[in-house]
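# Secondary and tertiary structure notes
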Amino acid sequence: MSSLVRLRLLPSAQCLYSQPVRVLVDGLRSSQVVTVKARATDDKGVPFHASAVYRADAGGAVDLGREPSLGGSYTGVEPMGLLWSLRADALHTKFCKSDSRRPHVVRFSVHDGEAGAGPLLAEATNERRLLADGVERQPIKEGNIRGVLFVPPGDGPFPAVLDLYTFGGGLNERRASLLANCGLMVLTLALYGYDDQPKKVTKLHLDYFEEAIQLLRKHPKAMDSGVGLISLSKSGDLALSIATHLPNVKATTWINGCCSNVVLPLYYRGSQIHSALMYDLHRVTVTESGAYNVKHGLHDPLAPENEGSLIPIERATGRFLFVAAEDDLNWDSCLYLNQLTERLRRQGKDNFEKVVYPGAGHYLEPPFGPYCPSSFHGVLGAPVAWGGEPKAHAKAEMHLWNKIQEFFRTHLVPVAGAAKASL
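No experiment lies behind these values; they were computed from the predicted model shown.

### A word on the UniProt feature "domain: BAAT/Acyl-CoA thioester hydrolase C-terminal" (unreviewed entry) in the chain
If you check UniProt for "domain: BAAT/Acyl-CoA thioester hydrolase C-terminal" (unreviewed entry), the listed places come out as residues 205-413 in our numbering. A distance of 29 Å separates the end C-alpha atoms of residues 205-413, which is 29% helix and 23% strand.

### Digging into the layout of surface pockets
Approximately 1300 Å³ is the volume found for the largest pocket. If you trace the largest pocket, you find 42 residues lining it, with Phe167, Gly168, Gly169, Tyr192 and Gly378 closest to the centre. Residue assignment for the lining of the largest pocket shows that the elements contributing at least two residues are α4 (234-245) and β24 (374-377). Top contributing element to the lining of the largest pocket by residue count: β24, with three residues. Broken down by class, the residue content of the lining of the largest pocket amounts to 19 nonpolar, 15 polar and eight charged. Every residue lining the second largest pocket is listed: Asn144, Leu191, Gln197, Pro198, Val201, Lys203, Leu204, His205, Asp207, Tyr208 and Glu211. Residue contributions to the lining of the second largest pocket peak at three residues, all from helix α3 (residues 206-217). A class-by-class count of the residues in the lining of the second largest pocket yields five nonpolar, three polar and three charged.

### Notes on helix α6 (residues 390-412)
Side chains three or four residues apart in an α-helix point the same way, a direct result of the helix having 3.6 residues per turn. Over its 23 residues, α6 extends 32 Å from the first C-alpha to the last, a length consistent with the 33 Å expected when each residue adds 1.5 Å. Listed as buried for α6 are His393, Ala394, Ala396, Glu397, Leu400, Trp401, Lys403, Ile404, Gln405, Phe407, Phe408 and Leu412.

### With respect to the environment of Ala180
Position of Ala180 among the secondary structure elements: in helix α2 (residues 174-181). In this structure, the C-alpha to C-alpha distance between Ala180 and Leu130, residues 50 residues apart in sequence, is 9.6 Å. In this view, Ala180 contacts Val135, Phe150, Pro152 and Val186; residues no more than four positions away in its chain are not counted.

### As for the nonpolar core
Grouped together as the largest cluster of nonpolar side chains are 133 residues, with contacts concentrated most on Leu187, Ile242 and Phe322. With residues up to four places along the chain from it excluded, the contact list for Leu187 reads Ile140, Ile145, Val148, Leu149, Val161, Leu162, Asp163, Ala212, Leu215 and Leu216.

### Let's talk about the pairing of strand β22 (residues 319-325)
Each regular strand displays side chains that alternate between the two surfaces of the sheet. The buried fraction of β22 amounts to six of the seven residues, a majority that puts the element mostly inside the structure. The pairing of strand β17 (residues 249-255) with β22 spans five bridges and is parallel. Within the sheet, the bridge partner assigned to Ile255 lies in β22 and is Val323. When β22 meets strand β23 (residues 352-357), the two strands line up parallel, connected through six bridges. Within the sheet, the bridge partner assigned to Ala324 lies in β23 and is Val356. Since β22 and β23 lie parallel, the crossover through helix α5 (residues 333-346) that links them has a hand, and here it is right-handed.

### Describing the packing of α3 against α4
Close contact between α3 and α4 brings their axes to 11 Å; oriented N to C, the two are set at 70°. One finds that α3 runs roughly perpendicular with respect to α4. Handedness of the crossing formed by α3 with α4: right-handed. Touching Leu206, Phe209 and Ile213 of α3 are Leu238, Ser241, Ile242 and His245, all from α4. Here the contact of α3 with α4 is composed, by residue class, of five nonpolar, two polar and no charged.

### With respect to the sheet that holds strand β11 (residues 136-142)
Read from one edge to the other, the open sheet built from eight strands follows the order β11-β12-β14-β13-β16-β17-β22-β23, with strand pairing classed as mixed. The open sheet terminates on both sides in strands that have one partner only, identified here as β11 and β23. Each strand axis lies, on average, 20° off the axis of its neighbour in the sheet, ignoring direction. The strands touched by α5 are β17, β22 and β23; relative to β22, the strand with the most contacts, the crossing angle is about 155°. Across the sheet, α6 touches β13 (158-163), β16 (222-230), β17, β22 and β23, and the angle it forms with β17 is around 170°.

### Focus on the UniProt feature "active site" (unreviewed entry) in the chain
The positions that UniProt labels "active site" (unreviewed entry) are, in the present scheme, Ser233, Asp328 and His362. Taken along the chain, the residues just named run across 130 residues; in space they keep tight, none of their C-alpha pairs more than 10.3 Å apart. In this structure, the largest pocket is lined, among the annotated residues mentioned, by Ser233 and His362. Mapped onto the elements of the fold, Asp328 is located in the loop between β22 and α5. Take Asp328: its relative accessible area is 0%, and that puts it in the buried class. Every residue in contact with Asp328, bar those within four places of it in the chain, is listed here: Asn256, Lys295, Ser333, Ala360, Gly361, His362 and Trp386. For Asp328, the side chain forms a polar contact with the side chain of Ser333, separated by 2.4 Å.

Quick notes on the rules
Numbers given for residues are sequential positions, taken from 1 along each chain in its written order. Since the coordinates come from a predicted model, pLDDT governs what is reported: local features require at least 70, and pairs of side-chain atoms require 80 or more to be given and counted, while whole-chain, interface and lining totals use all residues. Values shown for side chains rest on all heavy atoms present in the structure; no hydrogens or waters enter the calculation. UniProt positions are given in the numbering used here, feature names are shortened, and annotations may be inferred rather than shown by experiment. Helix numbers and strand numbers start at the N terminus; a helix is a DSSP run of H or I with at least 4 residues, a strand a run of E with at least 2. Cavity and pocket criteria rest on a 1 Å grid covering protein atoms alone: a 1.4 Å probe that fits but cannot get out defines a cavity, protein on both sides within 12 Å along at least 5 of 7 lines defines an open pocket, and an atom within 4 Å of a point defines a lining residue. Grid points are joined across faces, edges and corners, and a volume is the space filled by probe spheres set on the points. Think of it as three bins: nonpolar holds Ala, Val, Leu, Ile, Met, Phe, Trp, Tyr, Cys and Pro, charged holds Asp, Glu, Lys and Arg, and polar takes everything else, Gly as well. Between the first and last residue of a helix there are one fewer steps than residues, each counted as 1.5 Å, and that sum is the expected span. Partly exposed describes any residue whose relative accessible area lies between the buried limit of under 20% and the exposed limit of over 50%, with all areas from a 1.4 Å probe on protein chains only and scaled to the type maximum. By the convention used here, residues are in contact when the closest approach between their heavy atoms is within 4.5 Å. The definition of a nonpolar core used throughout is a set of buried Ala, Val, Leu, Ile, Met, Phe, Trp, Tyr and Cys residues joined through side-chain atoms within 4.5 Å. For two strands to be treated as a pair, DSSP must find at least two bridges joining them. When the strands point away from the viewer and the connection leading from the first strand across the helix to the second strand turns clockwise, the crossover is called right-handed. Each axis is a line fitted through C-alpha atoms, taken for helices only over the stretch in contact, and angles between the N-to-C directions span 0 to 180 degrees. With respect to orientation, any angle under 35 degrees is reported as roughly parallel, any angle over 145 as roughly antiparallel, any angle of 65 to 115 as roughly perpendicular, and every other angle as oblique. By the definition used in this description, the sense in which the near helix is turned from the far one sets the handedness, with an anticlockwise turn below a right angle giving left-handed and a clockwise turn giving right-handed. Nitrogen and oxygen atoms within 3.5 Å of one another constitute a polar contact, given that in protein one can donate a hydrogen and the other can accept it, and given that sequence-neighbouring residues count only through two side-chain atoms.

Structure (structure tokens):
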């Protein structure tokens, strides 16, 4: 390793997961070609890696925020490209970072030449924490509720949000912990496959989420203005049902979901309130990678025979943020977004806003995580393509992260309390 070459991470080698980091290399020869690499290991022990080729400027420096990558995992000027382009060797592998207590550790290195096999010149480690200083992580096992509550530092009160990152089994803490870093009190729920819960479910009960909302609202640091919901994929329709059928839901973020209750029938107080819209496997195709394209796999939610699955969202009293990715291959999110907004308009409702992201795929998550083109689908029991172009997807995640915070700040924080909420 050269003693003259330095690899620096600014403003610090330690930061929060959702914060950008500036990668700088100096001490190189003028116009020297180097390969900058990144590698990380997820919570399951799966290694991920990325690389990009750069040419030093006249002063022997490379600034990833200024210089274009000439090749490798991406090209062009992409300051955080080495993070979102991290990829596992095996196909259909999704980066797993669900335990908020374990930081996302990324090891950067600089190597001479463009093949990446040249001598190691410098290295540095970026520790990306999921929990900010002072944020409390409180495991919840109360009544039927299983999950983790994240409470920001201070006396509060804080806007309260229910994170419905519920499908796939187990518990995912990443999004909830990062939102808590922004001043929200967030309860992320497990639905199955966690603690003493069943490994699989064949139907869902709205009562479980009613209990979770009650738990959130009675917390002494929760604002009494109602709760927010944030969802993704299947939990998008679950969020619609909660906002429609239960009280005290003031703001719902729906990300790449459906307008109907999908896959599992929904019950409330012992009675079925929505049947399940199902997949038609004859409409599923296979991509070159061997993953299924299920974009058009669901039956038509507006067909008369599927009326029982449609969610009457015009009954909801809160606000909606509808988010859809144009290149979503899990299902046609843009179509469902349009059906939802048209339903509300026909009823004279304007309690919504919408954002559509060209080039983005299904899994819109907190920014600066590895883009996932395909992975195992819990319902189909096979790998599914999620869609999206990596650069466009990464930019969508950055924009959406700020949009989500703005939406909750606007609709959950009373005007008098806005100054206290450090969103």
